[in-house]
Amino acid sequence: SQKIEQNSEALNIQEGKTATLTCNYTNYSPAYLQWYRQDPGRGPVFLLLIRENEKEKRKERLKVTFDTTLKQSLFHITASQPADSATYLCALVSGYSTLTFGKGTMLLVSP
Amino acid sequence: DGGITQSPKYLFRKEGQNVTLSCEQNLNHDAMYWYRQDPGQGLRLIYYSQIVNDFQKGDIAEGYSVSREKKESFPLTVTSAQKNPTAFYLCASSTRQGEGFGYTFGSGTRLTVV
């Protein structure tokens, strides 16, 4: 069956460090992968999309990599700030041509 | 400003009642979606619609119904047949389905059965 796995344990880092979150998937051959941010009690917010023919994508302090051989995407936030604290979700297109989301990883950035 | 509006933010339902969650978008998006989120679970797809007057079941459609009479609106009815309706419901839209466009989400409706 198709699975999207994100680390269920919260990631705690200090302000200024780089946060790295992992998304692994099985039984998908995605044309693209997306990352979202979700704050408590709010809807997810779209951050980045990376296509299968792109190895890396950047947007300001965010960087995403996509390795279709390893079936893995890494999401990096450089120079992290307490305001970056949130849950980050990865998403892949499913058989319905709709997005299937991972359960997300909570990031906590301490001052 | 363009966006998606979900209402109400909080909703309480008695056992055996149907309730309707509203979702309106002014982004001129063709595709709209309903997801359910439970603590510790990922978002699960309930229904989706690519165009007006057409919609499809997602992974957990039982006990729910939708309509898409206007491009801007995609209301979700939680019927009494839904055994465990207490959850956070999220509506989303995208330019088109399946072409790699990011989704825009509403701020959600938290439904509680009392």
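Here, the structure is the one placed above.
First, a word on scope: everything that follows refers to the structure included in this document. (Residues numbered from 1 in each chain as written. Chains lettered and ligands numbered in written order. Predicted model: local features only at pLDDT ≥ 70, side-chain atom pairs only at ≥ 80, totals over all residues. Heavy atoms only, no water.)

1. Focus on the pattern of salt bridges
And then number 1: Under the counting rule described, the total for this entry stands at seven salt bridges over all chains.
And then number 2: The shortest N-O distance in the salt bridge between E54(A) and K57(A) comes to 3.9 Å.
And then number 3: Classification of K57(A) as partly exposed rests on a relative accessible area of 28%.
And then number 4: The partner of D84(A) in a salt bridge is R61(A), and the shortest N-O contact between them spans 2.9 Å. In this pair, D84(A) sits in the loop between β8 (72-77) and β9 (86-93) while R61(A) sits in the loop between β6 (56-59) and β7 (62-67), placing the two residues 23 residues apart along the sequence.
And then number 5: One salt-bridge network, in which partners are shared between bridges, spans R36(B), D38(B) and R44(B). (Salt bridge = Lys/Arg side-chain N within 4 Å of Asp/Glu carboxyl O. Buried < 20%, exposed > 50% of the residue type's maximum accessible area, 1.4 Å probe, protein only. Helix = DSSP H or I, 4+ residues; strand = E, 2+ residues; numbered from the N terminus.)

2. Structural notes on the sheet that holds β6(A)
Residue and element names in this part refer to chain A.
And then number 1: In space, the five strands of this open sheet follow the order β1-β3-β8-β7-β6, with antiparallel pairing throughout. Only two strands of the sheet have a single partner each, and these edge strands are β1 (3-6) and β6. The mean inter-strand angle of the sheet, taken between neighbouring strand axes irrespective of direction, is 15°.
And then number 2: Taken together, the six bridges between β7 and β8 define a ladder with antiparallel strand orientation. Note on β8: the bridge partner recorded for V64 is F75. (Pairing = 2+ DSSP bridges. Axes fitted to C-alpha atoms, helices over the stretch in contact; angles between N-to-C directions.)

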